[in-house]
Amino acid sequence: MIRFIWRNWWRNKERFILLVVGALVISSGLTYLIGLSETNKGTIVDELQQRWSASYDIVVRPQGSRTITEEVNLLEPNYLSGLSGGISIEQYEKIKAMSDIEVAAPIAMIGYADYPVKLTEFELEKEGIYRVHQEVINGNGIKELSSSSNNYYAFGDWDILQENLSIEVRSNNYLGHKLDYLFVMRSMLLAGIDPEQEAKLVGLDKSIIIGDEPISAIRIKVAGVSDLTEESQQLLEQVAQNIENETGLLTDITLGSSPQPTLTHVPAVTNQEELGWFQQPWVKIGSSMTIFKEAKIGLLGLIVSVIAVAIVYVWASGLVSLLARRKEFALLLAVGWRPNQLSRLLFLESSILGVFVAIISWMMLGFVYVSGEATLSPIRFLLTGLFGFMVYLLGAVIPALLVRTISPYETMRTGEISNTSKRLLKTRGLSSMAFNHFIGKWKRSLLSIIAISLPTSLLGLFLYITIRLKGVMYTTWLGQYVALEVGPVHYAAMIVTLLIAILTTAEIMWQNIAERQQEIALLKAVGWKNRNVRFLILTEGMFSGLFAAIIGLTLTFGMMWGLYRQFPTEELLFILSTGIVPILIGLVGTIIPAERAVRISPNQGMGGNFSNRKAVERRMKWVLITALLLLAGGFIYTVIQVVA
Amino acid sequence: MAIEIICTELGKSYIGDGVTTNALQNINLTFSKGEFTAIIGPSGSGKSTLLSLIGTLDKPTTGKIQYDGEEIMNKSKNKIADFRFEEVGFIFQQFHLLPTLTALENVLTPLFAQKVAYKKHRRGEEVLEQVGLADKMNSLPSQLSGGQQQRVAIARAIVHKPNWLFADEPTGNLDTETGERIFELLRQLNKDKECGVIFVTHNPKLAAKADRMITMKDGGVISDQPGESK
């Protein structure tokens, strides 16, 4: 049976090449997505947790303490120090007593305190009057501010100095007693905390609290929140809501915040000249959670849809092969084959391709691994090949079921047979003729439509997510990290799905043309020009793309609604314009079949393109081997580049 | 081994878009192994439909067909397939060779899926020699003439040593001379191998050479008489 399968492939070279190309695309895609991309859901969560964990989950502040930047969820890096009280001890105790609160650490700003910093000790030997010239240079990150002063000191016998130099003021100069140290004055903000709570939170436990409404902010750690998940987020939201309801204070959830470099402009003020722009790491609230959510949706959706599109492709390919060989199968039944032998034949064909895909994937992974460019877990290695095999095996299910519906009687039928004679439009010209062909074969057209519309809907969704994330993804440090990590995988997956969609369309259109050779030959015989034929076929491809665009965009909007409960009114035009992509795919997938149709000569019968000529076979073998090597080499090179 | 095929009140109708077409009505016929029967009639008279029913390719809408008293069509699809393999060889007007297989491979298709007591390859070469194509074994159908293709199809029909040969206008796509040669080949097989041949044709001249000539019109039998050879 394997020889039978092989001959059918080998002597039907054009289709065989398509089959091999499809297998290569699927194996490369799976190799990259499952085998090599480390950025799966798990690693994103781990990364976020490791790099951006805060010691507290919620910050409680008094009413009216919000600044204008918080409208865009942006907090100054030292936002806590700008508050001076506003929360009473009573409110604090109330919060502390609430359920789910693990730590409630208050902080109270007391005020600025000056303190001297000793620099050098004076070592004077001779009596006399000394001048100390002091120049202080302060660097604020933008420029250096310097100030200088002179101080005069007398050094000598205490009684004489006391009698004659009892502090005399002359202009800016002082003459005083000698100091032991050279020093500068600095000021610092003092904050009061609850040592017990503070010890729980960060381990700092020596401080005091004063006043009536002395607390500026309370930092909360919620019990049971240890990782960055949607459950954690929900719990935090609930606790924050409770605090607001009971105390009337403001709350902000800080879990999953990310540093975000923020540009600030300092203009000229009175006699100070303009400082210009400077960048500070501010805090973007809730960014990790957003990024995490979107990245998770994106990646999971991508991998699932690549596999879905791959299965649809294998279905389409199997179905096309089934349609093309319907008569052949009917004949085999007529000469005594059992229906389940036909199913076995199809499963065997698909399994052979599946094994081929698995081996190619494993070879690619193995090569990348051996060249030392990537680490590989055995489970992932195994999964990559198995997925490829499963895609092909699953893809054979529908054709294997359908093949059982073929009746051996079909060998006896000749001519055009259609049980229904419905036509939506009257055939009046090229476009309506193309449309009727398209509708007439709606079942198989549907397959190419599904194959195209899946990546289309994803494309639309990703663009929308990108727009939504524009503020977070590319401005926060975390977002940049995720964008850099996830970006290539997204693009690779999108390209793989689009390629598979093109292949699916090409396969189906190829079959449509094969079935209509006589019709096209006839059209040419009655005077159709090459460009008319080309236009007819391309129009059919365009219809596939158009329907795929409609279905794909509907899916996109459906998913948006499911995810965000909102309709993208602002970005509507932009997202609608992605509908051009499936139409292009429909057209591109039809180019080769259309050219094949153009080549049909008016006197061509059903002779077919089958050949077993030795020279052709030899050439074909070389072409195949070279193409395989080139593809595999190119892929490995790309992977090494990406991974490196 | 099916010695006798009996059709009782056989009928076949097709339903499409609400219109019912009666292809066959009230057919009562008996065929015996070793007989060479021609069925003749105009297009649409039901000849091919009758052949496909007798050959178990399709199910009758009414009536029954018994093969030595057994109703094969009531059995499972696999059993029907086995029956076809053991008892029946088909020859079609369009030859229906698989375009990707060589002449020899085409002849061997019925044997691919079955276990047989004889050497498959040897048997394939033997029947191709029998139909005079010893030198064309490795040619693809597209490299053969119409007459040669039909001879390959005949070789395929007899490779598994069936008791019955059903030929659906086997000469319809051939010129007169080639058609007559194919007819003679079938005649020969009928004599040598003693297999029953049922032969549908448009050609009254060929039909007249059969042992028995059944004439059909509008889905019914209008005459059943011995041929000139009797």
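In what follows, the accompanying structure is described. Small disclaimer: the values here were computed from a predicted structure and weren't measured.

So, the nonpolar core
Thinking step 1. Ranked by internal contacts, the top residues of the largest apolar core, which has 161 residues, are Ala310, Ala451 and Ile500 of chain A together with Ala155 and Leu165 of chain B.
Thinking step 2. For Ala310 of chain A, the residues in contact, after removing those within four places along its chain, are Ile26, Val391 and Ile500 of chain A.
Thinking step 3. Core analysis: the next-biggest nonpolar cluster, separate from the first, contains 26 residues, Ile87, Val103, Ala104 and Ile220 of chain A among them.

So, the environment of Gly579 of chain A
Thinking step 1. Along the chain, the position of Gly579 of chain A falls in the loop between helix 18 (572-577) and helix 19 (580-599).
Thinking step 2. Each C-alpha atom, one on Gly579 of chain A and one on Ile550 of chain A, is 7.5 Å from the other, the two residues being 29 residues apart in sequence.

Concerning the sheet that holds strand 5 (residues 88-91) of chain B
Adjacent strands of a sheet form backbone hydrogen bonds with each other and so pair up, either parallel or antiparallel.
Residues and elements named next belong to chain B.
Thinking step 1. Spatially, six strands are ordered 5-6-7-3-8-9 in an open sheet, and the strand pairing comes out mixed. In this open sheet, the two strands that pair with only one neighbour each are strand 5 and strand 9 (220-226). Neighbour to neighbour, the strand axes of the sheet diverge by 15° on average, direction disregarded.
Thinking step 2. Pairing geometry for strand 8 (residues 212-217) and strand 9, over six bridges, is antiparallel. Paired with Ile214 across the strands is Asp224, a residue of strand 9.

Considerations on the packing of helix 5 (residues 146-158) of chain B against helix 6 (residues 176-193) of chain B
Two quantities define a packed helix pair, namely the angle between the helix axes and the distance between the axes.
Residues and elements named next belong to chain B.
Thinking step 1. Packing of helix 5 against helix 6 leaves a shortest axis separation of 10 Å and a crossing angle of 15°. The orientation of helix 5 with respect to helix 6, classified from their angle, is roughly parallel. By crossing handedness, the relation of helix 5 to helix 6 is classed as right-handed. Judged by residue contacts, Gly146, Gly147, Gln150, Ile154 and Ile158 of helix 5 engage Thr178, Arg181, Ile182, Leu185 and Leu189 from helix 6.
Thinking step 2. Grouping the constituent residues of the contact of helix 5 with helix 6 by class yields five nonpolar, four polar and one charged.

Rules and cut-offs
- Residues numbered from 1 in each chain as written.
- Chains lettered and ligands numbered in written order.
- Predicted model: local features only at pLDDT ≥ 70, side-chain atom pairs only at ≥ 80, totals over all residues.
- Core = buried A, V, L, I, M, F, W, Y, C linked by C-beta atoms within 7 Å.
- Buried ≥ 20, exposed ≤ 12 C-beta atoms within 10 Å, placed from the backbone.
- Contact = placed C-beta atoms within 7 Å.
- Helix = DSSP H or I, 4+ residues; strand = E, 2+ residues; numbered from the N terminus.
- Pairing = 2+ DSSP bridges.
- Axes fitted to C-alpha atoms, helices over the stretch in contact; angles between N-to-C directions.
- Parallel < 35°, antiparallel > 145°, perpendicular 65-115°, else oblique.
- Left-handed = near helix turned anticlockwise from the far one by under 90°.
- Nonpolar A, V, L, I, M, F, W, Y, C, P; charged D, E, K, R; others polar.

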